[in-house]
Amino acid sequence: MATAAEDLVASAKKLAAATAVTTHYPKSPPKYIGIGSGSTIVHVVASIAALDPSLTSSTKFIPTGFQSKQLLLQHNLEILDIDLLPPGENISVAFDGADEVDSQLNCIKGGGACLFQEKIVAVQAEKFVVVADFRKISKTLLTPTTWPSGIPIEVVPSSYPYVTAKLQALGATQVVLRPGGKAKAGPCVTDNGNFLLDSVFPTLKEGEDVVQDLAEAIKGIVGVVEHGLFYEGSSGWKGRPTVGYFGMEDGAVKVLEKGGWLAA
Ligand SMILES: O=C(CO)[C@H](O)[C@H](O)COP(=O)(O)O
């Protein structure tokens, strides 16, 4: 049976999801909608499935992994794999969860091991809406209390000892090869057949390009496919959300935009 604290988190996710969908799902039928991964996205998909069918029946929904594909199937929503999005076409809105979100809307994602697909969908979306609960909010990224396992980094399997050493040289204080589930001997294997290195770095200071500097250093290591930093810096936009919806402990939904928190 769920504890009171678990119930509180679940209802915070549900309310934030409903508010985000009501506000950001297009009012005329969109061609493409992106669907992220995790436990919060379950509520987003339920809210989308409850919309008037005229808004969803001609839409193709682009999943970010096995779990979100199954969710879309359960709700009879039409699926399009991201590699079939025609070149030059954009996704109207991508909805997704997050593991940690800073005051500038930069995020850590990948707790569900889907960070590569989540990023390739996010960067092709006109609007990227993140939905989460109050536990994910932090002033700066890599706050030990918010997402203690650090940045998920997807690596080609044969490169993981090399990448581990390079991450340590970059300042990582802990690098863990993510284990598989209880019934899996060996590491977690992503939907792309890769491994994940959960990498703890010291808490990032506030500053214009602090997230970008770390992100680019990680991406520069041979063997790294992608990392879970979704951000924007002076060299460009790399998946920072347009807006974040957070279900709070008191039953409110708080909205974070690039310029700061919106008044309730
Ligand atoms: O990045 C993710 C998966 O790779 C998820 O969006 C993230 O882990 C949030 O999950 P949840 O909604 O269960 O808190």
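These numbers were taken from a predicted model, which means no experiment stands behind them.

**Student:** Give me the lowdown on helix 5 (residues 160-169), citing residues and values where you can.
**Tutor:** Among the residues of helix 5, those classed as buried are Val163, Thr164 and Leu167. Along helix 5, the residues classed as buried sweep out an arc of 105 degrees about the axis, all on the same side.

**Student:** Pulling in residues and values, what's your account of the side chain of Lys136?
**Tutor:** By secondary structure assignment, the location of Lys136 is in the loop between strand 6 (125-133) and strand 7 (151-155). Comment: no salt bridge for buried Lys136; closest opposite-charge side chain is Asp133, at 4.2 Å. Lys136 has contacts with Ala98, Asp99, Glu100, Val101 and Thr146, leaving out every residue within four places of it along the chain.

**Student:** Outline the site of the ligand, listing residues and values.
**Tutor:** Around the ligand sit 16 residues, and of these Ser39, Thr40, Asp99, Gly110 and Lys136 come closest. One of the backbone N or O atoms of Ser37 is found 2.8 Å from an oxygen atom in the ligand. Lys136 is positioned with one of its side-chain polar atoms (N or O) 2.6 Å from an oxygen atom of the ligand. Out of a free accessible area of 380 Å², the ligand has 91% covered by protein chains.

**Student:** Hey, could you go over the packing of aromatic side chains for me, with residue numbers and the actual values?
**Tutor:** According to the stated counting rule, one finds 3 aromatic pairs in the structure shown. For the cation-ring pair, Lys119 lies above Phe230, with the distance from its terminal atom to the ring centre recorded as 4.9 Å. When the ring centre of Trp261 is taken as origin, the NZ or CZ atom of Lys254, which lies over that ring, is 4.3 Å away.

**Student:** Run through the pairing of strand 1 (residues 32-35), naming residues and quoting values.
**Tutor:** Residues in a regular strand point their side chains to alternate faces of the sheet. Alternating positions in strand 1 separate into two faces, Tyr32 and Gly34 on one and Ile33 and Ile35 on the other, with burial throughout. The pairing of strand 1 with strand 2 (residues 60-63) spans 4 bridges and is classified as parallel. Residue pairing in the sheet places Ile33 in a bridge with Phe61 of strand 2. The handedness of the strand 1 to strand 2 crossover, carried by helix 2 (residues 40-49), is right-handed. Here strand 1 runs beside strand 3 (residues 91-96); their pairing, made up of 3 bridges, is parallel. Considered in strand 3, the bridge of Ile35 is made with Phe95.

**Student:** Explain the sheet that holds strand 12 (residues 236-238) to me, and be specific about the residues and the numbers.
**Tutor:** Spatially, 4 strands are ordered 4-5-11-12 in an open sheet, and the strand pairing comes out antiparallel. Edge positions in the sheet fall to strand 4 (100-101) and strand 12, since each has one partner strand and no second. Where strand 4 meets strand 5 (residues 107-108), 2 bridges bridge the pair, whose relative direction is antiparallel. Bridge pairing in strand 5 links Glu100 to Ile108. Contacting strand 11 (229-233) and strand 12, helix 4 (residues 115-122) runs over the sheet at an angle of about 35 degrees to strand 11. In the packing of helix 6 (residues 210-219) onto the sheet, contacts are made with strand 11 and strand 12, and the angle to strand 11 comes to roughly 120 degrees.

**Student:** Quick rundown of the pattern of salt bridges? Include the residues and the values.
**Tutor:** Pairs can form between side chains of opposite charge once their charged atoms are near each other. As enumerated under the stated definition, the model contains 12 salt bridges in all. Put simply, Lys69 and Asp81 hold a salt bridge, and the shortest N to O gap is 3.1 Å. Of this pair, Lys69 sits in helix 3 (residues 66-74) while Asp81 is found in the loop between helix 3 and strand 3, placing the two residues 12 residues apart along the sequence. A relative accessible area of 28% places Lys69 in the partly exposed class. Using a relative accessible area of 30% as the deciding quantity, one classes Asp81 as partly exposed. For Glu226, the salt bridge identified is with Lys119, shortest N-O distance 3.0 Å. Within this pair, whereas Glu226 is found in strand 10 (residues 224-227), its partner Lys119 is found in helix 4, the two being separated by 107 residues in sequence. Taken individually, Glu226 and Lys119 each receive the classification buried, so the pair is uniform in this respect. What emerges from the salt-bridge pattern is a single network uniting Asp96, Lys109 and Glu118.

Criteria and thresholds
Residues numbered from 1 in each chain as written. Predicted model: local features only at pLDDT ≥ 70, side-chain atom pairs only at ≥ 80, totals over all residues. Heavy atoms only, no water. Buried < 20%, exposed > 50% of the residue type's maximum accessible area, 1.4 Å probe, protein only. Helix = DSSP H or I, 4+ residues; strand = E, 2+ residues; numbered from the N terminus. Arc of directions from axis to C-beta. Lys, Arg positive; Asp, Glu negative; His and termini not counted. Salt bridge = Lys/Arg side-chain N within 4 Å of Asp/Glu carboxyl O. Contact = heavy atoms within 4.5 Å. Near = heavy atom within 4 Å. Polar contact = N/O pair within 3.5 Å; in protein donor to acceptor, adjacent residues only side chain to side chain. Areas by Shrake-Rupley, 256 points an atom, 1.4 Å probe, with all protein chains shown as cover. Phe/Tyr/Trp six-rings, centres within 6.5 Å; stacked < 30°, edge-to-face > 60°. Lys NZ or Arg CZ within 6 Å of the ring centre and 35° of its normal. Pairing = 2+ DSSP bridges. Right-handed = clockwise from strand over helix to strand, strands pointing away. Axes fitted to C-alpha atoms, helices over the stretch in contact; angles between N-to-C directions.

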